Amino acid sequence: MDSWHFVYDDYNPEQEGVREALCTLGNGCFATRGGAPDSPADEVHYPGTYLAGGYNRLQTRIAGRDVENEDLVNMPNWLPLTFSIDDGPWFRLDEVEILAYRQVLDLKTGLLNRELRFRDAGGRTTSWRERRLVSMANPHLAGLCVELRAENWTGRLTVRSALDGGVTNSGVRRYRELANRHLEIMQRDHPAPDTMFLRVRTNQSLIQVAQAARTRMYRNKTELEAECSNHVDDHQVGQEMIINLARGEGVVVEKIMAMYTSLDRAISEPGLAARKALADAGRFDDLLADHALAWKHLWENGGIDLEEQTDQGTELKLRVHIFHLLQTVSFHTADRDVGVPARGWHGEAYRGHIFWDELFIFPFLTLRMPVLTRALLRYRHRRLPEARRAAREAGYAGAMYPWQSGSTGREETQDLHLNPRSGRWLPDNTQLQRHINAAIAYNIWGYYQATEDHEFLYYYGAEMLLEIARLWVSLTTYNAAIDRYEIHGVMGPDEYHTAYPGNNSRQEMGLDNNAYTNVMAAWVLSRALDVLDMLPKFHGRMLCERIGLRLEETELWQEVSCKLRVPFHGDGIISQFEGYGDLEEFDWQGYKSKYGDIQRLDRILEAEDDTPNRYKVSKQADVLMLFYLFSAEELTLLFEQLGYPFYPDTIPRNVDYYLARTSHGSTLSQVANSWVLARSDRSGSWHLFQRALDSDIADIQGGTTSEGIHLGAMAGTIDLIQRCYLGIEMRANVLHFDPALPADLGRLRTQLRYRRQMLALEVNHDTLRISRCSFTANLVTVAYRGRFRQIAPGDTCEFRLIKPHERDRDENRAARAANLRK
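In this text, all values refer to a predicted model and were calculated from it rather than measured experimentally. (Residues numbered from 1 in each chain as written. Predicted model: local features only at pLDDT ≥ 70, side-chain atom pairs only at ≥ 80, totals over all residues. Heavy atoms only, no water.)

1. A closer look at the overall build of the protein chain
Stated formally: Labels follow the DSSP assignment, with helices taken as runs of H or I lasting at least four residues and strands as runs of E lasting at least two, numbered in each case from the N terminus. Residue contacts are counted whenever heavy atoms from the two residues lie within 4.5 Å of one another. All accessible-area figures derive from a Shrake-Rupley calculation using a 1.4 Å probe, and residue coverage is judged against the displayed protein chains alone.
A count of helical and extended segments in the protein chain gives 21 helices and 33 strands. Viewed in the frame of its principal axes, the protein chain has a C-alpha envelope of about 90 × 65 × 65 Å. Contacts spanning at least 24 positions in sequence make up 68% of the contacts within the protein chain whose residues lie at least 6 apart. Total accessible area computed for the protein chain in this model is approximately 30500 Å², and 47% of it derives from carbon and sulfur atoms.

In structure tokens, the structure reads:
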């Protein structure tokens, strides 16, 4: 195994679901799991194909209630390919004796390879050498190439190929009681002797999906004349091809598939487009050449090269993460009306919905391929009318974006969720996470800071940011007794705490003055005021007229941004929410001894008829998210704006306090906590970074990866390398660096896009080297710890880095001075 090849050297049915997710191939338009083409969906295999933005709604009667859920639909399975010898059974991987097995995901070229040798019940040994791609060059094409060889037998080989429209959404066990048949078959036939055609439609959203596929046999690059027959049944369209094989002889079977949908542009109708694309497609190797070139260009934009001091496979794991991010959001995404789902297009977990994970995903894209961030932010802007409607119906001003978004931008959070440990269906109140709106505003501002894309800000970004600012003010309540504004009835990122102990009714849900939410609200209000100052006068006037923004509103924004309440308890601990300090301490050691894995402490406690609402426990970073998003300097200014002191030891004391009370029940937890430890505890940060790298690769949550990767955590690990360990910040039109590589990392090389400029970076423990490629003539200002340089095209600058002990010495001096002032 090298740093470009992700390898499995055995077949393990218990791990097949995880491997299918991790070996998914996609191109930003659709993705196909790495399932075996010979195996239909069962308890071991789940060969799903998912269309970006391919949602459908169904209703189910569950727990005495009618609930409606919008799901990412499992589209027709184009993979089916198997064979039989003479009149024997059809080949199934689980029904033969496996002699050798090797599966390799080639990250450099986006190719999935699978090689196996097996012996059937008749003693015949056959080898199967498979290559698979979902084209990154043409987003409507995919291909499968299998070389079969008769090692010790002679006989008649029958190959069966099919398109299967009888699939359901059955990939998440806890969803299986819900309605799951989303497709109705409209057409299945054979427009040519070697061509299969299938047309389906989602039964509520009425999305048409057309697949056309051909299967051919070759030997020595020559197409073979096989005895062919076609078949059609209720759900499938297929074909069988028969040839004779002699002992030691082989045959290559190629299956090329084209897929179009009614969501595609520049077509007459999907069926015609799919048949035409298939007719124009070359052989598998032709597709592969274009596909590999597209991946070469993607890696030139998105690659990171590492030199480790110890061999932990970090570079390979990081490339696995970059690979899955780039095939979830590719350049093909830029022209589509889709968001970026928390679990990729890799499975059915979270129903393909879009959450706040953009907060972890966008920084990588913005500093590499900002056109993709722009496109994904446009997904939010198109749903601004729905966000306004949601705010209005809830009695608020502005725009209130949903915690879970899908096709239209309405709130898609489920009414009920199943606790698989207790078997009970429970109310889901996570839609109270209003902080999703702050995340969207943060992403808009971050994109603008990195790109200086004025046109986006003028026509899209500013409008969203101002409407979100309106929402925050309308969510506040003024407390005259303390001359502070408060926000009541919300949930923070922690997610374990949904209400105060004893509050069980829907009307009593939510918490008061979640610190993360309130501080982010103050930040959003400040940025909204900045945007109003930045807009050209005529743009600002037209925007304010269009949305009806008045001067007295902005004056209130200024007041609220300085008077939002932030609760504290103990010795300077920022309270996660009002009353957090009054909760009970939790018996961590007792529960670890009893249950072992307590990541999902919420499920454990509910099964015991208890609740996390009683305890000082966190699923993931909540208060600590402030330290993830902002530097100490930024937080000092923000807390001063709010009228609270922020001392140098505020961050380490809060980090120690909350890390000791976190179960890491989300894969995002390791990312955020690794980040906040990066300056104070480099070895601890590296340990958590490695855990985050393993989140899906090792399936550390015990079975969730098979339902879809955790894209936010994957992107977060990339951003840890890119921004955290490089110490990148964008402030006052300057790109700041403050590298602090962990001891296990010797060198890092990458390149970034900043305000239409390309910068090549190389950093080790001694030196930061920045080279500017020829792109535009504008100067770029970079800085390291107060030392500023302007870089012209072709220029290179170097900074000598302060050693860790020198950094610690300087920071300790600053802390002592601040404590003396305190």
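2. Re empty space enclosed by the protein
Spelled out, the test is: Detection works on a 1 Å grid of protein atoms alone, calling trapped sets that fit a 1.4 Å probe cavities and calling open sets with protein on both sides within 12 Å along at least five of seven lines pockets, with lining residues defined by an atom within 4 Å of a point. Grid points are joined across faces, edges and corners, and a volume is the space filled by probe spheres set on the points. Each residue is assigned to one class: nonpolar for Ala, Val, Leu, Ile, Met, Phe, Trp, Tyr, Cys and Pro, charged for Asp, Glu, Lys and Arg, and polar for all the others, Gly among them.
Considering all chains together, one arrives at 4 cavities of 30 Å³ or more under this definition. In this structure, the largest cavity occupies an estimated 110 Å³ of space. Lining the largest cavity we find 14 residues, and of these Asp 71, Tyr 175, Leu 178, Ala 179 and Arg 351 sit closest to its centre. The set of elements that each furnish at least two residues to the lining of the largest cavity consists of strand E4 (49-62) and strand E5 (65-75). Across the lining of the largest cavity, the residue classes break down as 5 nonpolar, 6 polar and 3 charged.

3. Re the sheet that holds strand E2 (residues 25-26)
Defined as follows: We treat two strands as partners when DSSP finds at least two bridges between them.
Taken together, 4 strands build an open sheet; the order of strands is E2-E3-E4-E5 and the sheet is antiparallel. Of all strands in the sheet, those with a lone pairing partner are E2 and E5, marking the two edges. Summarising the sheet, E2 and strand E3 (residues 30-32) pair through 2 bridges and their orientation is antiparallel. Considered in E3, the bridge of Leu 25 is made with Thr 32.

4. So, helix H18 (residues 667-677)
The test is simple: Type-normalised accessible area, obtained with a 1.4 Å probe on protein chains alone, sets the label of each residue: buried when under 20%, exposed when over 50%, and partly exposed for intermediate values. Nitrogen and oxygen atoms within 3.5 Å of one another constitute a polar contact, given that in protein one can donate a hydrogen and the other can accept it, and given that sequence-neighbouring residues count only through two side-chain atoms.
For H18, a buried count of 11 out of 11 residues is recorded, marking the element as mostly surrounded by other parts of the structure. Among the residues of H18, those classed as buried are Thr 667, Leu 668, Ser 669, Gln 670, Val 671, Ala 672, Asn 673, Ser 674, Trp 675, Val 676 and Leu 677. Each element contacted by the buried residues of H18 is listed here: helix H5 (358-366), helix H15 (625-629), helix H17 (650-659), helix H19 (682-697) and helix H20 (711-724). For H18, the N-terminal capping position is held by Ser 666, with its side-chain oxygen 3.1 Å away from the main-chain nitrogen of Leu 668.

5. Thoughts on the nonpolar core
Which entries qualify depends on this criterion: For our purposes a nonpolar core is just a set of buried Ala, Val, Leu, Ile, Met, Phe, Trp, Tyr and Cys residues, chained together by side-chain atoms within 4.5 Å.
Counting residues in hydrophobic clusters, the biggest one holds 207 residues, and the most contacted among them are Trp 356, Met 625, Phe 627 and Ile 770. With 13 residues, the single largest contributor to this core is helix H9 (residues 454-475). Excluding its chain neighbours within four sequence positions, the residues that come into contact with Met 625 are Trp 356, Leu 359, Phe 360, Pro 493, Tyr 516 and Ala 672. By size, the runner-up hydrophobic cluster in this structure holds 18 residues, among which are Leu 141, Ala 258, Tyr 260 and Leu 278.

6. Details of unusual backbone geometry
At Asn 220, a residue that is not glycine, the phi angle is positive and equals roughly 55°. With respect to the helices and strands, Asn 220 occurs in the loop between strand E14 (208-219) and strand E15 (222-223). Using a relative accessible area of 71% as the deciding quantity, one classes Asn 220 as exposed.

7. Here's the deal with the side chain of Asp 106
Using the following cut-off: By the counting rule applied here, Lys and Arg register as positive and Asp and Glu as negative, while His and the ends of each chain are not counted. By definition, a salt bridge exists where a carboxyl oxygen of Asp or Glu is found within 4 Å of a side-chain nitrogen of Lys or Arg.
Counting through the fold element by element, Asp 106 comes out in strand E7 (residues 97-106). In this structure Asp 106 is buried but unpaired, with Lys 108 as the nearest side chain of opposite charge at 7.1 Å. At a separation of 3.1 Å, a polar atom in the side chain of Asp 106 contacts the side chain of Thr 109. If we ignore the near neighbours within four places in the chain, the residues touching Asp 106 are Trp 4, His 5, Leu 111 and Asn 113.

8. Considering the environment of Tyr 591
Assignment of secondary structure puts Tyr 591 in helix H13 (residues 588-595). Given a relative accessible area of 14%, Tyr 591 falls into the buried group. Once residues lying within four places of it in the same chain are set aside, the contact partners of Tyr 591 are Phe 586, Gly 596, Ile 598, Leu 601, Ile 604, Leu 605 and Glu 608.

9. Details of the pairing of strand E30 (residues 767-772)
Relative to E30, strand E29 (residues 757-764) runs antiparallel, the two being bridged by 5 bridges. Residue pairing across strands places Glu 762 opposite Arg 769, the latter belonging to E30. With antiparallel pairing between neighbouring strands as the criterion, E29 and E30 make up a hairpin whose turn holds 2 residues. Taken together, the 5 bridges between E30 and strand E33 (residues 796-800) define a ladder with antiparallel strand orientation. If you follow Thr 767 over to E33, its bridge partner there is Arg 800.

10. A few points about the packing of H5 against helix H6 (residues 370-382)
We apply this condition: In this analysis, axes come from line fits to C-alpha atoms, helices being fitted only over the stretch in contact, and the angle between any two N-to-C directions falls in the range 0 to 180 degrees. By definition, any crossing whose near helix is turned counterclockwise from its far helix by less than a right angle is left-handed, and any crossing with a clockwise turn is right-handed.
Two elements in contact, H5 and H6, have axes whose closest approach is 7 Å; the angle formed by their N-to-C orientations is 145°. By crossing handedness, the relation of H5 to H6 is classed as left-handed. Here H5 contributes Glu 358, Phe 362, Leu 365 and Thr 366 to the contact with H6, which in turn contributes Pro 370, Leu 372, Thr 373, Leu 376, Leu 377 and Arg 380. Considered class by class, the residues forming the contact of H5 with H6 number 6 nonpolar, 2 polar and 2 charged.

11. Looking at the packing of helix H4 (residues 314-328) against H20
Worth spelling out the cut-off: Here roughly perpendicular refers to angles of 65 to 115 degrees, roughly parallel to angles under 35, roughly antiparallel to angles over 145, and oblique to all remaining angles.
Two elements in contact, H4 and H20, have axes separated by 9 Å at closest approach and are oriented at 120°. The orientation of H4 relative to H20 falls into the category oblique. Note on packing geometry: the crossing formed by H4 with H20 is left-handed. Contacts between H4 and H20 involve Leu 318, His 321, Ile 322, His 324, Leu 325 and Thr 328 from the former and Leu 711, Met 714, Ala 715, Thr 717, Ile 718 and Ile 721 from the latter. Split by residue class, the contact of H4 with H20 holds 8 nonpolar, 4 polar and no charged.

12. Brief notes about the side chain of Asp 696
Among the secondary structure elements, Asp 696 is positioned in helix H19. No salt bridge is formed by the buried Asp 696. Its closest oppositely charged neighbour is Arg 343, at 5.7 Å. Every residue in contact with Asp 696, bar those within four places of it in the chain, is listed here: Val 18, Leu 22, Thr 705, Ile 709, His 710 and Met 714.

13. Describing the packing of aromatic side chains
Counted only if it meets this: Between the rings of Phe, Tyr and Trp (Trp by its six-membered ring), a pair exists once the centres lie within 6.5 Å; its type follows the angle of the planes, with under 30 degrees stacked, over 60 edge-to-face, and the other angles tilted.
For the structure shown, the criterion picks out 37 aromatic pairs. Consider the rings of Phe 83 and Trp 128, whose centres lie 6.2 Å apart with planes at 35°: the pair is tilted. One end of the pair, Phe 83, is in strand E6 (residues 81-85); the other, Trp 128, is in strand E9 (residues 125-134), and 45 residues separate them in sequence. In this pair, the class of Phe 83 matches that of Trp 128, namely buried. Between Trp 356 and Phe 360 the ring centres are 5.5 Å apart and the planes differ by 85°, which places this aromatic pair in the edge-to-face class. Considered together, Trp 356 and Phe 360 belong to a single accessibility category, that of buried residues. Among the aromatic residues, ring-to-ring pairing joins Tyr 350, Phe 355, Trp 356, Phe 360, Trp 403, Tyr 628 and Trp 675 into one connected group.

14. A short note on the sheet that holds strand E28 (residues 745-754)
Taken together, 5 strands build an open sheet; the order of strands is E19-E28-E29-E30-E33 and the sheet is antiparallel. The strands lining the two open edges of the sheet, one partner per strand, are strand E19 (304-308) and E33. Within the sheet, the average angular offset between the axes of one strand and its neighbour, ignoring direction, is 15°. Direction of pairing for E19 relative to E28: antiparallel, over a ladder of 5 bridges. Following the sheet pairing, Ile 304 is matched in E28 by Thr 750.

15. Focus: the environment of Ser 695
Positionally, Ser 695 belongs in helix H19. Judged by its relative accessible area of 3%, Ser 695 falls in the buried class. Ser 695 sits 455 residues away from Glu 240 along the chain, and the two C-alpha atoms are 42 Å apart. Those residues in contact with Ser 695 that sit more than four places away from it in its chain are Thr 667, Ile 700 and Thr 705. Polar side-chain contacts of Ser 695 include one of 3.0 Å to the backbone oxygen of Ala 692.

16. What about the environment of Arg 723?
Mapped onto the secondary structure, Arg 723 falls in helix H20. Of the residues examined, Arg 723 reaches a relative accessible area of 12% and is grouped as buried. The spacing of Arg 723 and Pro 739 is 16 residues in sequence and 8.8 Å in space, taken between C-alpha atoms. If we ignore the near neighbours within four places in the chain, the residues touching Arg 723 are Pro 363, Leu 367, Trp 675 and Ile 728. In this structure the side chain of Arg 723 is engaged in a polar contact, spanning 2.7 Å, whose partner is the side chain of Asp 719.

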